[in-house]
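One letter stands for each residue in the lines below.
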Amino acid sequence: MHMKNFYPISLQPIVQRFLQSPNSNGFILGELLQLNDEIESYFSNGHDNEAIIQERQEPNQIEILTAQFVKGLSCQLYSILIGSLSKLEVFHDSLATATDLELDTPSREEKEERHYADVALSISKSLEKKTCLMKNASYHQDGSRSFDVGTEKSIEEIKLFSQWIRTCKNLIRWNRMHYMKIRRNNNNRNSQPTGGSGTEQQLHQWGVATERLCSVGMVSLYLQILNFFIYKTVSNDVMGGTLTLTLDDVARQCSTILFYATYGQAPEPCCQKALQGFVSSLNGIRVIAKILVTPTKECECSVATMLWLIKLVHNLVSSVNHALFDFEKAFREVVEDATTAGDIQGVQCYQVNLYSIFVATLGWSLSAEPSFVLCGPDDKRPDLVVEIIRVLFAKQTVGTKASSSWKKQCENEHDELTKHLRMMVVFILQLPNKNQRFYECKLASLLLLMNDASNYADLLVQHHNVVDQLLTILWLQLNTLLIEHAGEVHSERNATIVLPILIVLNHLVSCNHDIWGKVKEYIFPSCDENVFLQKVEMHQKEVSEGHPEEETQRNSRKNMHPIDAPVGTIRWKLIKLMTFAESNVKRCASELLWKICREDPGEFVLRCGFGNAVHMLGIKGLYTIPKSS
């Protein structure tokens, strides 16, 4: 059976061989790397755990894989992670006491679970002290800090350690998907009175299967490992840069597992505890804030690592009500400490917050070498751009006092940054559509336009091709929904893919007449107007010459269908949305056409058809749908 088809069972032999013979690091590293690559590829391709189970070759494998099996495997990974950490050469035996703990055969008793959580917390505190000593003792004349580790053996140990962290993260993801599958199946059987308690018990078992890897103690350990390895300026990288990349990979894996272990939408109760512990007792926001503020000469990470740090911040500010204020407070404290220490000199007012950091990072992503338009498949900058835009949108639109005050503060204190942000959005909208990753950036940029269209309108007109780009996005999104996915079961459920561009165009045509003219020309081209007017005249003639008994019928003078909307045209596609089941899409498409028709009910009915227009006419108070007798 292929490894990816049944991930935990495939992982078990590797774990056992490592526990029995930890000296075969090179062989284990290769196997572990391949297994992690395959399972992550399976995740990224959109497969869920149910698909993995259905593809198994042996029908009884699902009986072997139980919550207890996964829990035992997670306990073994816990032991490996703790033991490997204490043996790494970079710590110079400062954590050697961890190896004296009996970790190979962990007990499942509740008191032992607390014991292991305390062990992880104790080791993380030792690591925190080690990190402080390293920072204070390893200064160079230029102010940078470093440590010397460059032997081939030490690099191999660090690589293997990084892969163990990655494995823990993948097991957390795998278990979560299985948990959610069981819960979905349970919800589908809610109408059946039998079997409820058994399913609840099964859910509880799977909910705690990876609890040890997501405990507050382990989250503390991941955080301190990140904090240690990210301050990694290497003074003697005799391996030609390999050590620097290896240390950064550890930081990236720690950022990733922190995201999954504290994910605010996770169904497992342990993750909610981990999230609260990260924010409160572990002071995690302060640690992340310091990493984000620290100059690159002291804390230089890859784009991939920064991407997961931003994802982690996004998770925190979206899941914890007071996270925004906690970040602002942490930034002030970090800057004050740096100013007192002399790390920031000659600056009278050093304002830094999430907004300035996000905008500055976005600007760097778009302007750094090589040119953004030359991004290769391994360049993570497009992914970073999308994530930054999403978190900016999330915190500017959530209807809370914290978000509203944060948005107002950003606009007042960072007026120049906001102008730069708008120019960056214009740049993004001009990227080519053929590159799928660039197109994802363009779709993300619509989120920032949605609630700020009036401030973008004049800028878009100045860059006239940007409006054309928006209309092209409309065409592409409509094609995806109505042509590529036409007839699919979930087609109307996926209708929201057109919602952002519809909202943006609605706002723009309302606040700028030039944009209104371009959009109308695109939807109702002037070259087709003569045909439209001729058809209107023919319709009116037919109505005037109609039979008296027909004229007495309600609405007999109104065209039930559009006068001129040939199949496949942009107006035909928009008119189809007017009767979609998804209410927001139906409303936004109708509103756009209503505005393009100058809010003239006569023109609106002629262009869209009374059957399509009646809903919007009712909303506008222009038509009352008769009640059935």
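A quick note: this is a predicted structure, and the numbers were derived from the prediction, not measured. (Residues numbered from 1 in each chain as written. Predicted model: local features only at pLDDT ≥ 70, side-chain atom pairs only at ≥ 80, totals over all residues. Heavy atoms only, no water.)

Time to look at the overall build of the protein. Along the backbone of the protein there are 29 helices and 0 strands. Expressed as a percentage of its 629 residues, the buried residues of the protein come to 52%. Put simply, the protein shows about 29700 Å² of open surface, and 50% of that area lies on carbon and sulfur atoms. (Helix = DSSP H or I, 4+ residues; strand = E, 2+ residues; numbered from the N terminus. Buried < 20%, exposed > 50% of the residue type's maximum accessible area, 1.4 Å probe, protein only. Areas by Shrake-Rupley, 256 points an atom, 1.4 Å probe, with all protein chains shown as cover.)

To continue, consider helix 29 (residues 610-619). Those residues of helix 29 that fall on the buried side of the exposure criterion are F610, N612, A613, V614, M616 and L617. Where helix 29 is buried, its residues touch helix 26 (570-577), helix 27 (583-596) and helix 28 (601-608). (Contact = heavy atoms within 4.5 Å.)

Considering the arrangement of structural elements, one finds S445 in helix 19 (residues 436-450). At 2.6 Å, the side chain of S445 and the backbone oxygen of K442 are in polar contact. (Polar contact = N/O pair within 3.5 Å; in protein donor to acceptor, adjacent residues only side chain to side chain.)

In this section: the packing of helix 27 against helix 28. Relative orientation of the contacting elements helix 27 and helix 28 amounts to 120 degrees, with a least axis distance of 9 Å. In terms of orientation, helix 27 and helix 28 fall into the oblique class. At the point where helix 27 passes helix 28, the crossing takes the right-handed sense. Where helix 27 abuts helix 28, its residues S590, L593 and W594 lie against P601, F604 and C608. Across the contact of helix 27 with helix 28, the residue classes break down as 5 nonpolar, 1 polar and no charged. (Axes fitted to C-alpha atoms, helices over the stretch in contact; angles between N-to-C directions. Parallel < 35°, antiparallel > 145°, perpendicular 65-115°, else oblique. Left-handed = near helix turned anticlockwise from the far one by under 90°. Nonpolar A, V, L, I, M, F, W, Y, C, P; charged D, E, K, R; others polar.)

Take the nonpolar core next. Of all hydrophobic cores here, the largest spans 186 residues; its most connected members are W164 and L577. The dominant element in this core, judged by the number of residues it contributes, is helix 7 (residues 152-188), at 13 residues. Residues in contact with L577, not counting those within four places in the same chain, are L478, L481, L482, V498, L502, V585, K586 and A589. (Core = buried A, V, L, I, M, F, W, Y, C linked by side-chain atoms within 4.5 Å.)

Tracing the chain through its elements places P562 in the loop between helix 25 (548-551) and helix 26. Between the alpha carbons of P562 and F610 there is a distance of 7.8 Å; along the sequence they are 48 residues apart. Residues in contact with P562, not counting those within four places in the same chain, are I575, L606, R607, C608, G609 and N612.

This part takes up the packing of helix 10 (residues 242-261) against helix 13 (residues 303-319). It is the contact of helix 10 with helix 13, at a shortest axis distance of 9 Å, that shows an interaxial angle of 20 degrees. Between helix 10 and helix 13, the angle falls in the class roughly parallel. Taken as a pair, helix 10 and helix 13 cross one another with a handedness that is left-handed. In contact with D248, A251, R252, S255, T256, L258, F259 and Y260 of helix 10, helix 13 contributes A304, T305, W308, L309, K311, L312 and N315. Residues belonging to the contact of helix 10 with helix 13 are distributed by class as follows: 8 nonpolar, 4 polar and 3 charged.

Counted according to the given criterion, the structure contains 24 salt bridges. With a closest N to O distance of 2.6 Å, R166 and D37 form a salt bridge. Pair noted here: R166 is in helix 7 and D37 is in helix 2 (residues 25-44), with a separation of 129 residues, a long-range link. We note a salt bridge from D249 to R252, for which the minimum N-O separation is 2.6 Å. With D249 and R252 both in helix 10, this residue pair falls 3 residues apart, about one helical turn. (Salt bridge = Lys/Arg side-chain N within 4 Å of Asp/Glu carboxyl O.)

Taken as a whole and judged by the stated rule, the model has 11 aromatic pairs. Taking the centre distance of 5.2 Å and the plane angle of 85 degrees together, the rings of F610 and Y623 count as edge-to-face. A residue pair is termed long-range when its members are at least 10 positions apart, and F610 in helix 29 and Y623 in the segment after helix 29 qualify at 13 residues. The same class applies to F610 and to Y623, which are both buried. One aromatic cluster in this structure is built from F259, Y260, Y263 and W308. A cation over a ring is seen here: K311 above W308, with NZ or CZ 5.2 Å from the ring centre. Over the face of the ring belonging to Y456 we find R422, whose NZ or CZ atom lies 5.9 Å from the ring centre. (Phe/Tyr/Trp six-rings, centres within 6.5 Å; stacked < 30°, edge-to-face > 60°. Lys NZ or Arg CZ within 6 Å of the ring centre and 35° of its normal.)

Following the sequence through the fold, N435 ends up in the loop between helix 18 (415-429) and helix 19. On the accessibility criterion, N435 (26% relative accessible area) is partly exposed. Taking the C-alpha atoms as reference points, N435 and C375, 60 residues apart in sequence, are found 9.8 Å from one another.

Okay, a nonpolar patch on the surface next. Together, V373, L374 and F427 make up a nonpolar patch on the protein surface, roughly 280 Å² of accessible area in all. Within the secondary structure, L374 sits in the loop between helix 15 (354-367) and helix 16 (381-397). (Patch = residues over 30% accessible without salt bridge, like charges linked within 9 Å, V, L, I, M, F, W, Y side chains within 5 Å.)

For the bond from E369 to P370, the omega torsion is -5 degrees, close enough to zero to count as cis. Examined against the element boundaries, P370 turns out to sit in the loop between helix 15 and helix 16. Even without a glycine there, the phi angle at N283 is positive, about 55 degrees. Taking relative accessible area as the criterion, N283 reaches 42% and is therefore assigned partly exposed. Of note, the phi angle at R598 is positive, near 60 degrees, even though the residue is not glycine. You can see R598 is positioned in the loop between helix 27 and helix 28. Of the residues examined, R598 reaches a relative accessible area of 55% and is grouped as exposed.

For the protein, the average pLDDT comes to 81, and 75% of its residues sit at 70 or higher. Scored below 50 in pLDDT, residues 550-555 shows 11 contacts in the model against residues more than four places distant or in partner chains. (pLDDT = per-residue confidence, 0-100.)

The topology assignment puts K520 in helix 23 (residues 513-523). When near neighbours in sequence (up to four residues on either side) are disregarded, K520 contacts P525, I596, R598, E603 and R607.

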